[in-house]
Amino acid sequence: MIKLEKQGNIAILTISRPEALNALNSAALDELYSTALTVRRDSDIRCLIITGEGKAFVAGADIAEMQGLNAEEGRAFGLKGHRAFCAVEALPIPVIAAVNGFALGGGCELALCADIRLASEKAKFGQPETGLGITPGFGGTQRLPRTVGVSKAMELILTAKMIKADEALEIGLVDHVYAPEQLMDEAIALANTIAANAPVAVRNSKSAIRRFTGAALAWDLGFEADMFGACFATEDQKNAMQAFVDKAEKPAFTGK
Ligand code: CO8
């Protein structure tokens with residue numbers, strides 16, 4: 001499900017579960033975590049690119065798997081996501097997200113763990129969770145406002161709307177937008193440019209910048225997991241996720 005390919009001093013990590021638009025289930029999250037550790041241990045890798053196979057980057061956490069969770073299990077699933085995503089974010093080398101398609105929910109949150117985000121013109125971003133009866137659970141409530149500012153993050157999370165790549169560029173969610181066929185070439189060229197610079201200076205620069213964005217992040221993610229888990233005790237979460245799995249119309253929310 002998670003592929004890792006080395007090209008000289010750079011590596012490409014591909015999320016590959018195309019039959020479910022690369023939705024992250026528990027097994028994929030465990031593999032993502034262990035792959036991040038593999039990258040961390042390989043001192044030849046100087047820059048990592050993350051992308052998705054097929055028409056999606058990552059269409060979120062796996063809704064079919066989350067559907068029946070209770071509050072405690074929901075919180076545990078959120079923490080499993082945090083473990084994998086924090087392992088990616090905490091890599092000492094720079095990470096580039098090459099967002100080739102849908103980056104929704106956990107997919108947008110994974111892109112937010114990267115240091116630089118490039119997108120295809122076909123990419124779409126969003127945090128659809130409030131329409132599914134839950135909060136973002138893989139860091140979106142904390143990393144999105146740190147990236148695009150509080151009010152844009154509020155708008156995206158509270159409306160659950162999807163935005164296209166050009167709007168993502170406008171609000172600073174991505175740094176560049178390219179034609180689909182150019183995306184990987186541009187990502188590889190950028191990774192090689194970074195990899196050609198002095199490795200210690202590159203790592204130390206990342207580490208210094210991360211002190212600015214990472215202040216109090218661990219505590220804030222713990223709070224997000226509490227809020228996320230609590231949603232799994234509601235009927236709205238059960239009904240909305242059941243409707244997605246059944247391909248039925250979204251239910252009217254009751255607040256219960
Ligand atoms: N989970 C599980 N399966 C999915 C998901 C998903 N997130 N997204 C797509 N799939 C599956 C579909 O069920 C479908 O399966 P099948 O072929 O067996 O019916 C297959 O992928 C293809 O999908 P579609 O037929 O729907 O493709 P479309 O091109 O018509 O639509 C969309 C593409 C718009 C991306 C649509 O698939 C969609 O809306 N997906 C859900 C997006 C979403 O809501 N993501 C957020 C999920 S919640 C989340 O990520 C919370 C993160 C925090 C979790 C914390 C841990 C608990």
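Use the structure listed above.
Residues numbered from 1 in each chain as written. Predicted model: local features only at pLDDT ≥ 70, side-chain atom pairs only at ≥ 80, totals over all residues. Heavy atoms only, no water.

S.K.: Teacher, can you tell me more about the site of the ligand here?
M.R.: Inspection of the region around the ligand gives 27 residues, with K55, A61, F77, F228 and K247 positioned closest. The separation between a nitrogen atom of the ligand and a polar main-chain atom of I63 is 2.9 Å. Side-chain polar atom of K247 to an oxygen atom of the ligand: 2.8 Å apart, as the coordinates give it. Assessed atom by atom at 2 Å from the grid points, the ligand resides in the largest pocket. Those elements that place two or more of their residues in the shell around the ligand are α2 (63-66), α3 (71-89), β6 (102-104) and α4 (106-112). Its residues placed into classes, the shell around the ligand shows 16 nonpolar, 5 polar and 6 charged. (Near = heavy atom within 4 Å. Polar contact = N/O pair within 3.5 Å; in protein donor to acceptor, adjacent residues only side chain to side chain. 1 Å grid on protein atoms, 1.4 Å probe; cavity = no way out; pocket = protein on both sides within 12 Å on 5 of 7 lines; lining within 4 Å. Sits in = over half its atoms within 2 Å of the grid points. Helix = DSSP H or I, 4+ residues; strand = E, 2+ residues; numbered from the N terminus. Nonpolar A, V, L, I, M, F, W, Y, C, P; charged D, E, K, R; others polar.)

S.K.: Is there a simple way to think about the nonpolar core in this case?
M.R.: The tendency in soluble globular proteins is for nonpolar side chains to be buried as a group. Counting residues in hydrophobic clusters, the biggest one holds 57 residues, and the most contacted among them are M66, F125 and L173. With residues up to four places along the chain from it excluded, the contact list for M66 reads A61, F77, I134, F228, F232, Q237 and M241. L118, L183, A187 and A195 belong to the second largest nonpolar core, which has 15 residues in total. (Core = buried A, V, L, I, M, F, W, Y, C linked by side-chain atoms within 4.5 Å. Buried < 20%, exposed > 50% of the residue type's maximum accessible area, 1.4 Å probe, protein only. Contact = heavy atoms within 4.5 Å.)

S.K.: Where do I start with the packing of helix α1 (residues 26-41) against α3 in this structure?
M.R.: Direction vectors running N to C along α1 and α3 enclose 25°, while the axes themselves pass 8 Å from each other. With respect to their mutual orientation, α1 and α3 come out roughly parallel. As for how α1 packs across α3, the hand of that crossing is left-handed. Residues S26, L29, D30, L32, Y33 and A36 of α1 lie in contact with α3, whose contacting residues are F77, K80, G81, R83, A84, F85, A87 and V88. (Axes fitted to C-alpha atoms, helices over the stretch in contact; angles between N-to-C directions. Parallel < 35°, antiparallel > 145°, perpendicular 65-115°, else oblique. Left-handed = near helix turned anticlockwise from the far one by under 90°.)

S.K.: I keep staring at the pattern of salt bridges and nothing clicks. Help me out?
M.R.: Side-chain pairs of opposite charge can arise whenever the charged atoms involved come near each other. Within this structure, the stated rule accounts for 13 salt bridges. Between R210 and E89 there is a salt bridge whose closest N-O contact spans 3.3 Å. Placement of R210 in helix α9 (residues 199-214) and of E89 in helix α3 is noted, with a sequence separation of 121 residues between them. With a relative accessible area of 21%, R210 lands in the partly exposed category. With a closest N to O distance of 2.7 Å, D115 and R210 form a salt bridge. Here the residue D115 occupies a position in the loop between α4 and β7 (116-120), and R210 occupies one in helix α9, the gap between them amounting to 95 residues. Here D115 falls in the partly exposed class, since its relative accessible area comes to 25%. What you see here is one network of salt bridges that share partners, running through E89, D115, R143, K206 and R210. (Salt bridge = Lys/Arg side-chain N within 4 Å of Asp/Glu carboxyl O.)

S.K.: How should the sheet that holds strand β1 (residues 2-7) be read in this particular structure?
M.R.: Strand pairing in a sheet relies on backbone hydrogen bonds. The paired strands run either parallel or antiparallel. Ordered by their spatial adjacency, 6 strands build an open sheet running β1-β2-β3-β5-β7-β10, and the pairing between neighbours is mixed. Every interior strand has two partners, whereas the edge strands, β1 and β10 (176-178), have only one. Within the sheet, the average angular offset between the axes of one strand and its neighbour, ignoring direction, is 20°. As paired elements, strand β5 (residues 95-99) and β7 share 4 bridges and run parallel to each other. Each bridged residue has a counterpart across the sheet, and for V99 the counterpart in β7 is A119. (Pairing = 2+ DSSP bridges.)

S.K.: Just checking my understanding: could you explain unusual backbone geometry for this structure?
M.R.: What is expected of a backbone is that most residues other than glycine have negative phi and most peptide bonds are trans. Of note in this structure, L21 is not a glycine but carries a positive phi near 50°. Relative to the elements of secondary structure, L21 occurs in the loop between β2 (10-15) and α1. Exposure remark for L21: the relative accessible area of 28% places this residue in the partly exposed category. Even without being a glycine, A160 presents a positive backbone phi close to 60°.

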